[in-house]
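Report on the structure
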Amino acid sequence: MIKPDAVANGHIGAILDKITKSGFKIVALKLIALSEEKAGEFYSVHKERGFYKDLVAFMSSGPVVAAILEKDNAIEDYRKLIGATDPAKAEPGTIRNLFAKSIDANAVHGSDSDENAEIEGNFFFSAFERV
Ligand code: GDP
């Protein structure tokens, strides 16, 4: 997912370019606004955390781009491409290093396992919306 900060700052094209140039295939893609309820559902795994309320408010503050990406070793390679959750700790050249300003507004989301990628893909896309 490209988060509201990166969408608002005009980075959709640059981020998708980096993703595809890094060997990922886009198999589903959409621009969508999450309600607070849907953002809360997406991040429900974090609902006991202190930052949950801020996270939900931020993720419903503007449109996001949702995508399903395919690649061998996709989870690990995508995590490497986006960099650390806190952009101040993200390696130079990573998406968060280049496009994120803070741990809240950190430009992109990535699934942390194949199982969660399946769940999160189904959250955003029907079978009809995938190629
Ligand atoms: P990710 O997989 O790198 O996106 O990180 P997580 O799944 O652990 O957390 C989800 C999102 O919650 C992160 O991308 C951050 O935007 C936010 N987040 C995580 N940890 C913190 C924190 O300690 N403080 C704040 N303010 N936000 C956090």
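Overview of the structure. (Residues numbered from 1 in each chain as written. Predicted model: local features only at pLDDT ≥ 70, side-chain atom pairs only at ≥ 80, totals over all residues. Heavy atoms only, no water.)

If you check the shell around the ligand, you find K3, Y43, H46, F51, L55, R79, T85, R96, I103, D104 and N106 and nothing else. H46 is positioned such that a nitrogen or oxygen atom in its side chain is 3.2 Å from an oxygen atom of the ligand. Here N106 contributes a side-chain N or O atom positioned 2.9 Å from an oxygen atom of the ligand. Calculation on the ligand without its partners gives an accessible area of 550 Å², and the protein chains cover 77% of this total. (Near = heavy atom within 4 Å. Polar contact = N/O pair within 3.5 Å; in protein donor to acceptor, adjacent residues only side chain to side chain. Areas by Shrake-Rupley, 256 points an atom, 1.4 Å probe, with all protein chains shown as cover.)

The periodicity of an α-helix, 3.6 residues per turn, causes residues three or four places apart in sequence to face the same way. For helix α4 (residues 52-59), every residue scored as buried is listed here: Y52, L55, V56, F58 and M59. The buried residues of α4 occupy one face: seen down the axis, they fall within an arc of 165°. Those residues of α4 that are exposed and aimed more than 90 degrees away from the buried face are K53 and D54. Where α4 is buried, its residues touch α1 (4-8), α3 (36-42) and β2 (64-70). (Buried < 20%, exposed > 50% of the residue type's maximum accessible area, 1.4 Å probe, protein only. Helix = DSSP H or I, 4+ residues; strand = E, 2+ residues; numbered from the N terminus. Arc of directions from axis to C-beta. Contact = heavy atoms within 4.5 Å.)

Here the distance between the centres and the angle between the planes together describe a pair of aromatic rings. For the coordinates displayed, the defined rule picks out 6 aromatic pairs. Taking 5.2 Å as the distance between ring centres and 70° as the angle between the ring planes, the aromatic pair formed by F42 and F123 counts as edge-to-face. With F42 in helix α3 and F123 in helix α7 (residues 114-124), the pair connects residues that are 81 residues apart, well separated along the chain. Note on F42: relative accessible area 10%, which makes it buried. Aromatic pair F124 and F125: ring centres 6.3 Å apart, planes at 55°, arrangement tilted. Judged by its relative accessible area of 10%, F124 falls in the buried class. Above the plane of the ring of F24 lies K71, whose end atom (NZ or CZ) is 5.7 Å from the centre. (Phe/Tyr/Trp six-rings, centres within 6.5 Å; stacked < 30°, edge-to-face > 60°. Lys NZ or Arg CZ within 6 Å of the ring centre and 35° of its normal.)

Below, the discussion takes up the pattern of salt bridges. What the rule picks out here adds up to 5 salt bridges. Between E41 and K38 there is a salt bridge; the shortest N-O distance is 3.3 Å. Of this pair, E41 and K38 both sit in helix α3, separated by 3 residues, roughly a single helical turn. For K38, a relative accessible area of 33% puts it in the partly exposed group. Across the pair K80 and E76 runs a salt bridge whose closest N-O atoms are separated by 3.9 Å. Of this pair, K80 and E76 both sit in helix α5 (residues 74-82), 4 residues apart, which is roughly one turn of that helix. The class of E76 is partly exposed, set by a relative accessible area of 45%. (Salt bridge = Lys/Arg side-chain N within 4 Å of Asp/Glu carboxyl O.)

Turning to the nonpolar core, a few remarks are in order. Grouped together as the largest cluster of nonpolar side chains are 18 residues, with contacts concentrated most on M1, L34, Y43, M59, F124 and F125. If one sorts the elements of this core by residue count, α4 sits on top with 5 residues. Look past the residues within four positions of F124 in its chain and what remains in contact with it is M1, K30, I32, L34, F42, A66 and E129. Among the nonpolar cores identified, the runner-up in size contains 17 residues, and V65, A74, I82 and I95 belong to it. (Core = buried A, V, L, I, M, F, W, Y, C linked by side-chain atoms within 4.5 Å.)

Examined against the element boundaries, E129 turns out to sit in the segment after α7. Once the C-alpha coordinates of E129 and L29 are considered, the two residues, 100 residues apart in sequence, prove to be 8.1 Å apart. Residue contacts for E129: discarding those within four places in its chain leaves V27, A28, K30 and F124. Side-chain polar atoms of E129 contact the side chain of K30, separated by 3.1 Å.

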